[in-house]
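The residues making up each chain are set out below.
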Amino acid sequence: MELSGSIPKFRECSGDRKYRDLRQADLQTDDSAKLFRHLENLAQRSGREITSMRVLDFGCGRGEFVGYLRSKGIHAYGVEIDEKFLAAGAVLDSLYRDERPLLALVGVEGKVGFPDGYFDLIIANQVFEHVAQLDLVAAELYRLLDSRGYLLTLFPARFKVIEPHYHLTMVHWLPKGPLQQGLIRLLVSLGFGVAPPEGMSRQMMGKVIAEYAQSETFYRSNKLIAEVCNAKGIALDFRLVPEHMLKMKLARSSGLQHLVYVFVARLLPLVALRNSFKTCAAVGRKHRLEYESGA
Ligand SMILES: C[S@@+](CC[C@H](N)C(=O)[O-])C[C@H]1O[C@@H](n2cnc3c(N)ncnc32)[C@H](O)[C@@H]1O
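Quantities reported herein were computed from a predicted structural model and do not represent experimental measurements. (Residues numbered from 1 in each chain as written. Predicted model: local features only at pLDDT ≥ 70, side-chain atom pairs only at ≥ 80, totals over all residues.)

Draft legend 1. View of the UniProt feature "domain: Methyltransferase type" (unreviewed entry) in the chain. Here the UniProt feature "domain: Methyltransferase type" (unreviewed entry) sits at residues 56–152. In residues 56–152, helix accounts for 31% and strand for 28%; the two terminal C-alpha atoms are 10 Å from one another. (UniProt positions renumbered as here; feature names shortened; annotations may be inferred. Helix = DSSP H or I, 4+ residues; strand = E, 2+ residues; numbered from the N terminus.)

Draft legend 2. Representation of unusual backbone geometry within the structure. Even without a glycine there, the phi angle at His-167 is positive, about 60°. Here His-167 is to be found in the loop between strand S5 (145–156) and helix H7 (178–189). At Met-170, a residue that is not glycine, the phi angle is positive and equals roughly 65°.

Draft legend 3. Seen up close, the sheet that holds strand S7 (residues 279–286). Strand order in the open sheet made by the seven strands is S3-S2-S1-S4-S5-S7-S6, with mixed pairing throughout. Unpaired on one side and paired on the other, strand S3 (103–105) and strand S6 (234–237) mark the two borders of the sheet. Sheet twist, expressed as the mean angle between neighbouring strand axes with direction ignored, is 25°. Note that S6 and S7 share four bridges and pair antiparallel. Along S7, the bridge assignment pairs Ala-235 with Arg-285. (Pairing = 2+ DSSP bridges. Axes fitted to C-alpha atoms, helices over the stretch in contact; angles between N-to-C directions.)

Quick look at the structure:
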């Protein structure tokens, strides 16, 4: 295969905002507000105020959501494997003083520098699909989560039709390897997918995306993700979030729209199917109370 280590990183070529220095104005986004509502719902399930809980954003990027949570008075931290993203979020430590840095690097073998059971809520938003060794991450999430805590993980479903990072249709359904890489390069050279930055050819962008698909995205079925987490002591529930979203819609709607939602609510197993084709949201709880090393 022609791909080599000299190929630029997809994230750098696609104008990923996580490389840009975070500003206070970036913190209040609709996406953060939505995520926050999910966390509030989980806090309610625990019978606690979210402001009394410790929250970890695992795979936090430049820490936008950590900043959002801090702006609400929540004891939030973020961890990340990419040092450049952490550097872009450096402003958070001057905005919100704490005895610990708000954002920290994930160490060797995926270890994070917080004590066992330190967090009441952990969110991993759009992270699992980038994790090569999900079992290591699941074991660390298990270690970090309080015995009554909740994990919320959101990720693009295995069979989402358009791949959400490089915007090609269905190629991520294929197994990794020469066929997938060849098809990606062909489609990108024909003008599909994320456009190259100025000065880069489509042929090179095809290589960049093929390399990204090969080494930085890992699509797995929900069943496999649930099995990996379960083996490390976390039981995932894929219905809770769709159910909660429907309840919120029912509460806010009226007239014909309300009737439509009532009808959809009857078909909830079908709604849960969206988990296979759209963004999937699963809630995890510990089903084993002591960490068994090597489990
Ligand atoms: C698509 S970004 C999402 C960032 C952020 N959660 C958000 O919603 O904006 C995925 C992030 O996960 C991070 N990541 C990937 N693998 C990781 C791992 N094993 N441990 C921690 N972070 C990881 C990446 O560096 C990247 O910042």
